[in-house]
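So the chains spell out like this:
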Amino acid sequence: MGIKGLQGFVERVCPDACRTVDLREMAQKHCIDHPDSPPVIVVDAMSCVRYWYTPESWVCGGQWREFLAVLEDFIKAFMAAGIRLVFFFDGVVESKKRDEWIKRRLQNNKEIARVFQFIKTHRKEPGREMFVIPSALPTFTRFALKSLGQKTVCTLQEADFEVASYGLQHNCIGILGQDSDYLIYNTCPYFSIGKLCLDRLVTVMYSREDLCRVLGLSLTHLPLFACLLGNDVVPENLLEGFWHKCLVSSPCKNNSYNRRTNILFAVANYISKVPRSYSSLKHLEDILPLGSDKTLLYRGVESYLLPGQQSPWIPPKVTSCQMFSLQQETAMCQDKEIFQLAKEQHVQSENYTIFNILSKGEIECSNSLEDESDTEIPGQALIYRPARQHIYSILLESGKGGAYSFVKEWFVYFGNPLQHPELIQPVQPIPGGTPNLKTLWFAKGPDVEKQRYSTFLACFHLHDGMEYLQSLEAPVAAFCCLLVYLMMQVSSLSMEDLNAFVALVLCLKGKSAAELASLQLAQVDSRGVHLGAVIVRGLSTLLMANSACGFPFRMDDLMPWQVFDGKLFQEKYQQSHRGCSLEELLEGNESLYTPFENLKSFICKACMAKKRTIHSRPRGNGFITGTQQREFNPRFQQTHRSSFVPPYHNQMRGFLWRNPQPQGREYGAGHPDRRRRFHVPSR
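Residues numbered from 1 in each chain as written. Predicted model: local features only at pLDDT ≥ 70, side-chain atom pairs only at ≥ 80, totals over all residues. Heavy atoms only, no water.

Where an unreviewed UniProt entry is consulted, the protein chain appears under the name Constitutive coactivator of peroxisome proliferator-activated receptor gamma, with the organism given as Amazona collaria. Within the UniProt record for the protein chain, the comment given under Subcellular location (unreviewed entry) is "Nucleus". (UniProt positions renumbered as here; feature names shortened; annotations may be inferred.)

Given below as structure tokens:
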């Protein structure tokens, strides 16, 4: 995650360390020097995602077809120069970095709250200065790159170490990213994604050697320098006293510099006078207020040592590669064959979160663009928890021999302080027993394929309906499955919401990225933004279920660019709640009328089978203001379930549709006349 202020320091104070380079020329030179190996750039994808997301609209849930086209253009530019790309994604959050992860997630919550306040005040999307990446963007970027034929690696530990190791071991021409840790690792050159001019393949290369010259240090000093400035291993709050001592004794203090710049010079000056030895490191650990953990500096320095590298600060006999074997740890899954396959699929970006559950029984989910003051819709983490509980049961084969294993969840949602993981108990999706995982993953034949599909449906409380769903195109069938689950879980969702969802998936087919980019919205509704994020997170839950059940669907069929577009959903959402005709909602395409009614009828009947009736609740143009405080339904606070979780019922006070039945129609199968409006006028 980098060293605070170091990147800016290099750009402001060390201009010689920022060299403009032509990547085409570097690739050509590599080909001359190494005729047997093609030029490769290793990409820290997690630090590049926000730079790749260039579509104008970002708040409505993501412009996924536009984004896919951006990635395709990015890849083509490098291919034209003969450069191969290898993309790395974080596969885990290491325990030593959990505190920093939590700190950033809580800060992101504040940024998201400001975004929603802006939307409610101005009824439009904020400018790029408030940009928050669309929910689940890194997850789907990984699969997007893989679908575009790129080598995509999901790491077994923090990505920056694996990126730096790969770059060094494979003689790459450089690392592309935006993380100041790449100034510390002794690896191949570090290129800036933020400074990249794609059409010319020109960017800035940051020189470690020039940085060291300005600081009066050597390359072997840099790991200790990073630790004494504060990083993901050594917290900054432990170093304030040390910095003060360095500043007092530093001859380099310059009043024209800010405090952080002076701290960097002062710490460098201090280190330059310390003998490079293990005893010096131990002395530093003794004088710093490290509390009970006196090995922080040691571990911090060691974390920057790549395979085969040594440090004067650490005795050679204990210097080793940081890579470790997860198989040797106590894993949740004891079956070696299943564990190995899950690991291989994880590294190759073929499954989603499965290895994390089988290895450590722990998963996390970052922030979503959700409105914390919307009293009707719970956080997506809570909405999809029952589905995840079923997935955990399949993976851990809960209940066999009376054993139940809890899964630790670090999921961000309003009201969760993230002080500790929530312990979630698996719940069998099918009464009477969980399907055998080895059968789901390894067996072949039509009976097994049917079992994979039925088990997948059971995760979303859709035990029946396989025959109809299998008659649909796979992306539509999966989306339909998600809608049934969502409508059952959140009882505040209305017939208007369902109309919008169904119209979205039908109208999206055949639209190009350019058509979707040209779509203009008169205004943006905050509730529609929230629902867009919920749907996209639902798609990632489908990925998890699909991975656990042995892939009844192709992963490509579950991608958002197949079934979702943020702006198009906003348009359909607003049209539906204004009471537009079916003709207008379906853009005058009569061939969509029957599929629309069939899909809607199936979803309504599936909900009625669970005693969930969908009401008409038109909102018109009276968009939610979100001024009320959220209250929690205690049903969603329970972590242990042994049966079907009932839908989320709104128990909030004072909301507009507290008792909607007298004012709105009820629909069972749903059968609107093609020319009439969907519902009675709003109050």
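Past the structure itself, the notes keep going.
Novice: Give a detailed account of the packing of aromatic side chains, specifying residues and quantitative values.
Specialist: Throughout the structure, instances matching the rule amount to 28 aromatic pairs. When the centroid spacing of 5.7 Å and the interplanar angle of 20 degrees are considered together, the rings of Tyr257 and Phe265 count as stacked. Three or more aromatic residues link up through ring pairs in this structure, and these residues are Tyr53, Trp58, Trp64, Phe67, Phe131 and Phe140. The ring of Trp101 is capped by Arg98, whose NZ or CZ atom sits 5.0 Å from the centre of that ring. The side chain of Arg128 reaches across the aromatic face of Phe131, ending 4.0 Å from its centre. (Phe/Tyr/Trp six-rings, centres within 6.5 Å; stacked < 30°, edge-to-face > 60°. Lys NZ or Arg CZ within 6 Å of the ring centre and 35° of its normal.)

Novice: Go over the packing of helix H21 (residues 474-489) against helix H28 (residues 593-609) with me, naming the residues and quoting the values.
Specialist: At a minimum axis distance of 9 Å, the contact between H21 and H28 shows a crossing angle of 40 degrees. When the axis of H21 is compared with that of H28, the two are oblique. Seen from above, H21 lies across H28 with right-handed handedness. Residues Val476, Cys480, Leu483, Val484, Met487 and Met488 of H21 form the contact with H28, whose own contacting residues are Leu599, Phe602, Ile603, Ala606 and Cys607. (Axes fitted to C-alpha atoms, helices over the stretch in contact; angles between N-to-C directions. Helix = DSSP H or I, 4+ residues; strand = E, 2+ residues; numbered from the N terminus. Parallel < 35°, antiparallel > 145°, perpendicular 65-115°, else oblique. Left-handed = near helix turned anticlockwise from the far one by under 90°. Contact = heavy atoms within 4.5 Å.)

Novice: How would you sum up unusual backbone geometry? Please name residues and give values.
Specialist: The general pattern is negative phi for most residues beyond glycine and trans for most peptide bonds. A positive phi is found at Asn171, a non-glycine position, where the angle reads about 50 degrees. Turning to its location among the elements, Asn171 is positioned in the loop between helix H7 (159-169) and strand E5 (174-177).

Novice: Which residues make up the environment of Asp90, and what are the values?
Specialist: By the element assignment, Asp90 lies in the loop between strand E3 (84-89) and helix H5 (98-122). Take Asp90: its relative accessible area is 25%, and that puts it in the partly exposed class. Between the C-alpha atom of Asp90 and that of Met46, which follows or precedes it by 44 residues, the distance is 6.9 Å. Sequence-distant contacts of Asp90, that is, excluding residues within four places in its chain, are made with Met46, Cys154, Thr155, Gln157, Glu158 and Ala159. (Buried < 20%, exposed > 50% of the residue type's maximum accessible area, 1.4 Å probe, protein only.)

Novice: Give me the sheet that holds strand E8 (residues 362-365): which residues, what numbers.
Specialist: Taken together, the three strands give an open sheet; going across it, the order is E8-E9-E10, and neighbouring strands pair in mixed fashion. Two strands close off the open sheet at either side, each with one partner strand: E8 and strand E10 (422-424). Across this sheet, the average inter-strand angle for adjacent strands is 30 degrees, counted without regard to direction. Most of the contacts of H5 go to E8, to which it runs at about 25 degrees, and overall it touches E8 and strand E9 (407-411). (Pairing = 2+ DSSP bridges.)

Novice: Let's hear about the state of the cysteines: which residues, and what values?
Specialist: Summed over all chains, the structure comprises zero disulfides. Cys172 takes part in no disulfide bond, and the closest cysteine sulfur to it belongs to Cys188, at a distance of 5.5 Å. Under the relative-accessibility criterion, Cys172 is labelled buried at 6%. (Disulfide = S-S within 2.5 Å.)

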